[in-house]
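Single-letter residue listing:
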Amino acid sequence: MIKSERIHILNDKPILPDTFVLYWMQQAQRIESNLALNYSIDEANRLQIPLEICFILAPSFPEATARHYAFMLEGLQELVKQCRKMALSFNIYMGDPTVEIPHLAKAAACLITDRGYLRIQRKWRYDIADVIDCSMIEIETDSIIPVETVSDHQEYAARTLRPKIHRLLDQFLTEDKLPEARLVLNQQISSLPKGIDISDIDNLLESMKISAYPSRGKEMKGGTSVAIRKLNDFIQNKLERYDWDRNHPDLDATSGLSPYLHFGQISPIFIAKQVIKSEFSEEAKAVFLEELIVRRELSLNFCWFNKHYDTFDNLPSWAYKTLLDHAGDCRIVTYSYEQLENADTHDPYWNAAQREMVNAGTIHNYMRMYWGKKILEWIPDPMSAYEFSLYLNNKYQMDGRDPNSFAGIAWCFGKHDRPWATRPIFGTVRTMTSSGLERKFDMQAYVSKH
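Just so you know, these numbers come straight off a predicted model, no measurement behind them.

> Sorry if this is basic, but what is going on with the packing of aromatic side chains here?
Each pair of aromatic rings is reported with the distance of its centres and the angle of its planes. Under the counting rule described, the total for this entry stands at 19 aromatic pairs. Summarising the aromatic geometry, the rings of Phe 312 and Tyr 386 are spaced 6.1 Å apart at their centres and angled 90° between planes, so their arrangement reads as edge-to-face. In this pair, Phe 312 is assigned in the loop between α12 (282-305) and α13 (317-325) and Tyr 386 in helix α17 (residues 382-396), connecting sequence segments 74 residues apart. Neither residue differs from the other here; Phe 312 and Tyr 386 are each classed as buried. Here the aromatic cluster, defined as three or more aromatic residues joined through ring pairs, consists of Phe 312, Tyr 320, Tyr 386 and Phe 413. The aromatic ring of Phe 172 is capped on one face by Lys 3, whose charged end is 5.5 Å from the ring centroid. The positively charged end of Arg 122 is found above the aromatic ring belonging to Trp 304, 3.6 Å away from the centroid.

The structure is reproduced here in structure tokens:
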């Protein structure tokens, strides 16, 4: 049973006595543990009409690169096969969702979709809800607790959000399997036009005129099955020591699930439940769940309630002021944008982090904090440093353009943190140093790796 808090009616139009329920899959790109799909199946069964599932491939999604599209398309290829086995009608179309979805929904009884937290995702949904003739219903399936249920305002930090989440957590870690009832009508005959062929990803990207750089990063494959294998490997081989090893960039101790969460290829509810039922210590599980639930949902809260989430203006007033007050401080060294993008600095640890991001499409979270702090230190204007940090992160990171990424970059500049002792350049924003890395970690191993 889907909780009412997850159900958002986006317009006041009726459910029409027409031919099919239309589920527009966008953020939650999966079959397993997809509450929006579950709701769509239930609604189709209630109305005794077929279910049509569609996905719109938008060629001009802001800052998306070939590696992002390829990863997503690998997941969609798997979805096509899964839907075929389940006799679910699933079509992929290319274009602008605000054009394609109203066209597809003309004969629909109702339109159901999942919730996205970024500006463009919200605008797509509101624009579509305004122009279609049928009811549009949004199901929140990519957060563990619906963002507006946890809080009705932007939270200051994890410490202010954490108790609110823990009070509600047990209520929302509910069963999220597909409904057992089969669809009432035969789904093999689709009412929608045939979608595009995505079997050849390279040719498709070329036809979309997507730049081949940065490259696909073939070592990281997309898809729910890959995500589940990574989760199982993490639980079996890494979770037991996660509370000790997670911050070590020289160790392979993280789950590697953030790209899969970004594209909705795995459910955070599913991950949490698998970790909770594992046999390892409560301490190890608690540290991972803090990151998966509290920290991740803090980033959703940030992007939902702060319209400036992708600019310097999102910072708390103390951080905004102190960084501008110290913008004119003497910098021992500065670098051009080109030098930074090419990992051409005097700092071997920063260079390794930048190369990790460019080559692998990922960066250890502790090193991303150090990486962002140094960009602030090396670019004289803090506003420009903020913009460039986001540019690099969103271009190369597989989980770029994500609430977690926007919150992570903002943290480097003081968001969700507190004032510290005053230092040159940083003012009262927290600093990080290479000597601090050396005291804690085997940094030569990290540099050798990258």
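> Got a minute to help me understand the side chain of Asp 142 in this structure?
Position of Asp 142 among the secondary structure elements: in the loop between β6 (135-139) and α5 (147-150). The exposure class assigned to Asp 142 is buried, which follows from its relative accessible area of 1%. A distance of 3.0 Å separates polar atoms of two side chains, one belonging to Asp 142 and the other to Gln 27. Separated by 2.9 Å, the side chains of Asp 142 and Arg 30 make a polar contact. If sequence neighbours within four positions are ignored, Asp 142 has contacts with Gln 27, Ala 28, Arg 30, Tyr 117, Leu 261, Gly 264, Pro 268, Arg 296 and Leu 300.

> Looking at this structure, I do not really get the pairing of strand β3 (residues 51-57). What am I missing?
Every other side chain in a regular strand lies on the same face of the sheet, so the side chains alternate between the two faces. Counting buried positions along β3 yields 7 of 7 residues, so the element is predominantly enclosed. Neither face of β3 is exposed, since Leu 51, Ile 53, Phe 55 and Leu 57 on one face and Glu 52, Cys 54 and Ile 56 on the opposite face are all buried. Here strand β2 (residues 20-24) runs beside β3; their pairing, made up of 4 bridges, is parallel. In the strand pairing of β3, Trp 24 is matched with Cys 54. Read from β2 through helix α1 (residues 35-47) to β3, the crossover connection turns out right-handed.

> Help me understand the side chain of Ser 405 in this model?
Among the structural elements, Ser 405 can be located in helix α18 (residues 403-412). Overall, the relative accessible area of 0% leaves Ser 405 in the buried class. One polar contact links Ser 405 to Asn 393, side chain to side chain, over a distance of 3.1 Å. Of the polar contacts made by the side chain of Ser 405, one reaches the backbone oxygen of Asp 399; its length is 2.7 Å.

> Before we go on, may I ask you to explain the pattern of salt bridges in this structure?
Where charged atoms from two side chains of opposite charge come close, those side chains can pair. For the structure shown, the criterion picks out 22 salt bridges. As a salt-bridge pair, Asp 114 and Arg 125 come within 3.1 Å of each other at their nearest N and O atoms. Within this pair, whereas Asp 114 is found in strand β5 (residues 108-114), its partner Arg 125 is found in helix α4 (residues 119-131), the two being separated by 11 residues in sequence. Each member of the pair, Asp 114 as well as Arg 125, is classed as buried. Of the charged contacts, one joins Asp 399 and Arg 368 as a salt bridge, the two residues approaching to 3.9 Å between their closest N and O atoms. One end of the pair, Asp 399, is in the loop between α17 and α18; the other, Arg 368, is in helix α16 (residues 365-378), and 31 residues separate them in sequence. Residue Asp 399 is classed as buried on the basis of its relative accessible area, which comes to 6%.

Criteria and cut-off values
- Residues numbered from 1 in each chain as written.
- Predicted model: local features only at pLDDT ≥ 70, side-chain atom pairs only at ≥ 80, totals over all residues.
- Heavy atoms only, no water.
- Phe/Tyr/Trp six-rings, centres within 6.5 Å; stacked < 30°, edge-to-face > 60°.
- Helix = DSSP H or I, 4+ residues; strand = E, 2+ residues; numbered from the N terminus.
- Buried < 20%, exposed > 50% of the residue type's maximum accessible area, 1.4 Å probe, protein only.
- Lys NZ or Arg CZ within 6 Å of the ring centre and 35° of its normal.
- Polar contact = N/O pair within 3.5 Å; in protein donor to acceptor, adjacent residues only side chain to side chain.
- Contact = heavy atoms within 4.5 Å.
- Pairing = 2+ DSSP bridges.
- Right-handed = clockwise from strand over helix to strand, strands pointing away.
- Salt bridge = Lys/Arg side-chain N within 4 Å of Asp/Glu carboxyl O.

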